[in-house]
Structures are given as structure tokens and as C-alpha cells.
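# Commentary on secondary and tertiary structure
Here are the chains, one letter per residue:
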Amino acid sequence: MICSRCGRQVDNGTAFCPMCGAQVGYTPYQKPGMGLAICALIFSFIFPLVGLILGIVGLKKYQTEGKGMCIASVIISGVLLFISIVSTAIFVPALNGYIRRAREAGNKRQETGAVVIVEDAPSYSEYIEFFGDQTTDI
Ligand SMILES: [Zn+2]
């Protein structure tokens, strides 16, 4: 590449011109946009809203660095947010309906005095094993 200050030929990958000391290029680890893009990508999986905001900020602030990752994090965040909103919209009414039906069933049981069947109740032999056969004492 060519130094922008003195116009001399400088080796590629050199951060500073050896002739005049001017900064001639970015070193691979001096890319502030990359850190933000990586953060945006990671957050888009953990907290999609944060990932979405970071991705948009990255796209607006840094035009080239980590642009692909910023776009990816915006897309991933958007998709995950959409899925979570849709699933909440489906799940919450379904859960409310279930609770309502359970309550109604409970009320009905109290009214009729029907026997409640407990599915995990111990069998007779398990009961005897645990408490002993009390009938022999009588
Ligand atoms: Zn120079």
C-alpha cells in the first residue's frame, strides 16, 4: 500500500509508515466494530432484544466492520423475538384455558362430592409394607 502522508510504498500489513510514522492501515485487532458485531451476535441468542439493538447500532455506527455479523444478529434477533412473541400469544391463552377448566372441574367435584382419583396412590400391598397390617391388632 501507499502512505497517505508521504506517498511512499509501504509493506502490506504495516500499521505505521517507516519513513514518516503516519498510520497507514488498520491492524487486524484495531477494529472496534468487530467487538460490537460479535456482542450483537452472541446477545441475539441470549437476549434477542439486546442483540437487535446492538446489531442496529453496529450497522449505523460502523459501515463495513462486522457488517455481515451485524446483519446476521439483526435477522436472528428478529426471528427469535417473533417466535417468542408468537409462542407467548399461543401459550398464555392456552394456559389460562387449562387453569379455567381445572377450576371448573374442581368446583364440580365439590358440588357433587365425587371421589377424587389420585393416580400415584400406593397399592394395598405397598400400604401394608409401609404402615403394617393394622387389622391384626383388632
Ligand atoms: Zn509515510
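Residues numbered from 1 in each chain as written. Predicted model: local features only at pLDDT ≥ 70, side-chain atom pairs only at ≥ 80, totals over all residues.

## Here's the deal with the overall build of the protein chain
The line we're drawing: Only DSSP runs of H or I reaching four residues or more are called helices, and only runs of E reaching two or more are called strands; each is numbered from the N terminus. Each residue is classed by its C-beta neighbour count within 10 Å, where at least 20 other C-beta atoms makes it buried, 12 or fewer makes it exposed, and intermediate counts make it partly exposed; the C-beta atoms are placed from backbone geometry. Our contact criterion uses C-beta atoms placed from the backbone: two residues qualify when those atoms are within 7 Å.
Regarding its fold elements, the protein chain presents four helices and zero strands. N-terminal to C-terminal, the α/β element order of the protein chain is α-α-α-α. For the protein chain, buried positions account for 16% of its 138 residues. Taking all contacts inside the protein chain whose residues are at least 6 apart in sequence as the whole, residues at least 24 apart take part in 35%.

## Quick notes on the nonpolar core
Heads up, the condition is: Put simply, a nonpolar core is a cluster of buried Ala, Val, Leu, Ile, Met, Phe, Trp, Tyr and Cys residues tied together by C-beta atoms within 7 Å.
Judged by nonpolar contacts, Leu36, Ala37, Ala40, Leu41, Phe43, Leu52, Leu54, Met69, Cys70 and Val74 together constitute the single largest core of 10 residues. Counting only elements with at least two residues in this core, the list comes to α1 (32-46), α2 (48-61) and α3 (67-112). Residue contributions to this core peak at five residues, all from α1. Apart from residues no more than four positions distant in its own chain, Leu41 is found in contact with Met69, Ala72 and Ser73.

## Here we look at the confidence of the model for the protein chain
Here is the rule we go by: The predictor attaches a confidence to each residue, called pLDDT, with possible values from 0 through 100.
Of all residues in the protein chain, 73% attain a pLDDT of 70 or more, and the chain-wide mean is 79. Summarising per-element confidence for the protein chain, the mean pLDDT is lowest in helix α4 (residues 124-131) (67) and highest in α2 (88).

## Let's talk about the environment of Ile2
By the element assignment, Ile2 lies in the segment before α1. What makes Ile2 exposed here is the crowd of 10 C-beta atoms within 10 Å. The spatial distance from the C-alpha of Ile2 to the C-alpha of Cys17 is 8.9 Å, given a sequence separation of 15 residues. If we ignore the near neighbours within four places in the chain, the residues touching Ile2 are Gly7, Gln9 and Val10.

## What about α2?
The following threshold applies: A helix is expected to span 1.5 Å for every residue after the first.
The end-to-end C-alpha separation of α2 is 20 Å, in line with the 20 Å expected for 14 residues at 1.5 Å each. Those residues of α2 that sit buried are Pro48, Gly51, Leu52, Leu54, Gly55 and Gly58.

## Section: the environment of Cys70
Inspection of the secondary structure puts Cys70 in helix α3. In this structure, the C-alpha to C-alpha distance between Cys70 and Ile56, residues 14 residues apart in sequence, is 7.1 Å. In contact with Cys70, other than residues within four places in its own chain, are Ala37, Ala40, Gly55, Gly58 and Leu59.

## So, the environment of Leu49
Note that Leu49 resides in helix α2. Taking the C-alpha atoms as reference points, Leu49 and Val74, separated by 25 residues in sequence, lie 9.3 Å from one another.

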